[in-house]
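Spelled out from the first residue to the last, the chains are:
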Amino acid sequence: MVTIARIDERLIHGQVAHAWSVAYKSEGIMVIDNEAAKDKFQISLLQMACPKGVKCIVCDEEKAVELLKKYEKRKIFIVVKHPCALLSICEKGVELKEINVGGLYYKEGRRQLSKTVYVDAQMEEAFRKLSGMGIRLENRTHPTDTREDLMGLL
């Protein structure tokens, strides 16, 4: 069972490890990132950033679909860098009810939606497709923040 799916370019950091994983009690944090999954150094850094007692899984999109089916009775916190990663796994049968968008930072070619969310055309298209699948998209930086409908910001 997915406790929360979060988009945050920083992946696992203090806020994810200590605020989000506490608010959404999870047995494991699954980082879904095709590039990080190939980089042993990146994997070890992500594992070190994971809270004690919480399993850290770093995998690509294909493996994520397989593992989420295998561990469907486990409480898994998903974190990705880009909405296309979540769109990819949803198109392959993973069911998500809600996605938290919290950390897409300024880069050339992106427009600002909130204090911590900047999107480009590819991201907007992915968000529209995810929303079209019936998935709620909300913008919150911290679990105690008020939920804001991301689609209303687009």
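The following paragraphs examine the structure supplied in this document. (Residues numbered from 1 in each chain as written. Predicted model: local features only at pLDDT ≥ 70, side-chain atom pairs only at ≥ 80, totals over all residues. Heavy atoms only, no water.)

## Regarding the overall build of the protein
Scanning the protein from N- to C-terminus turns up six helices and nine strands. In the protein, which comprises 154 residues, the share counted as buried stands at 51%. Taking all contacts inside the protein whose residues are at least 6 apart in sequence as the whole, residues at least 24 apart take part in 68%. The averaged location of the 22 negative side-chain charges in the protein is 6 Å from the averaged location of its 25 positive side-chain charges. (Helix = DSSP H or I, 4+ residues; strand = E, 2+ residues; numbered from the N terminus. Buried < 20%, exposed > 50% of the residue type's maximum accessible area, 1.4 Å probe, protein only. Contact = heavy atoms within 4.5 Å. Lys, Arg positive; Asp, Glu negative; His and termini not counted. Charge placed at Lys NZ, Arg CZ, Asp CG, Glu CD.)

## A closer look at the sheet that holds strand β2 (residues 28–32)
Within a sheet, adjacent strands bond to each other through the backbone by hydrogen bonds, running parallel or antiparallel. Judged by pairing direction, the sheet is mixed, and its seven strands sit side by side in the order β3-β2-β4-β1-β5-β8-β9 without closing on themselves. Both outer strands of the open sheet, β3 (55–59) and β9 (148–149), are each paired with one neighbouring strand and no more. Against the sheet, helix α4 (residues 83–91) contacts β1 (2–8), β2, β4 (76–80) and β5 (98–103), and its axis sits at roughly 130 degrees relative to β4. (Pairing = 2+ DSSP bridges. Axes fitted to C-alpha atoms, helices over the stretch in contact; angles between N-to-C directions.)

## Here's the deal with the pattern of salt bridges
What the rule picks out here adds up to 14 salt bridges. Here Glu27 and Arg74 are joined by a salt bridge, their closest N and O atoms 3.1 Å apart. Separated by 47 residues along the polypeptide, Glu27 in the loop between α1 (14–23) and β2 and Arg74 in the loop between α3 (61–70) and β4 bring together distant segments of the chain. Look at Arg74 and you get partly exposed, because its relative accessible area is 45%. (Salt bridge = Lys/Arg side-chain N within 4 Å of Asp/Glu carboxyl O.)

## Quick notes on a nonpolar patch on the surface
Among the surface-exposed residues, Phe41, Leu45 and Met48 lie close enough to one another that they form a single nonpolar patch of about 350 Å² accessible area. Along the chain, Phe41 turns up in helix α2 (residues 40–49). Take Phe41: its relative accessible area is 57%, and that puts it in the exposed class. (Patch = residues over 30% accessible without salt bridge, like charges linked within 9 Å, V, L, I, M, F, W, Y side chains within 5 Å. Areas by Shrake-Rupley, 256 points an atom, 1.4 Å probe, with all protein chains shown as cover.)

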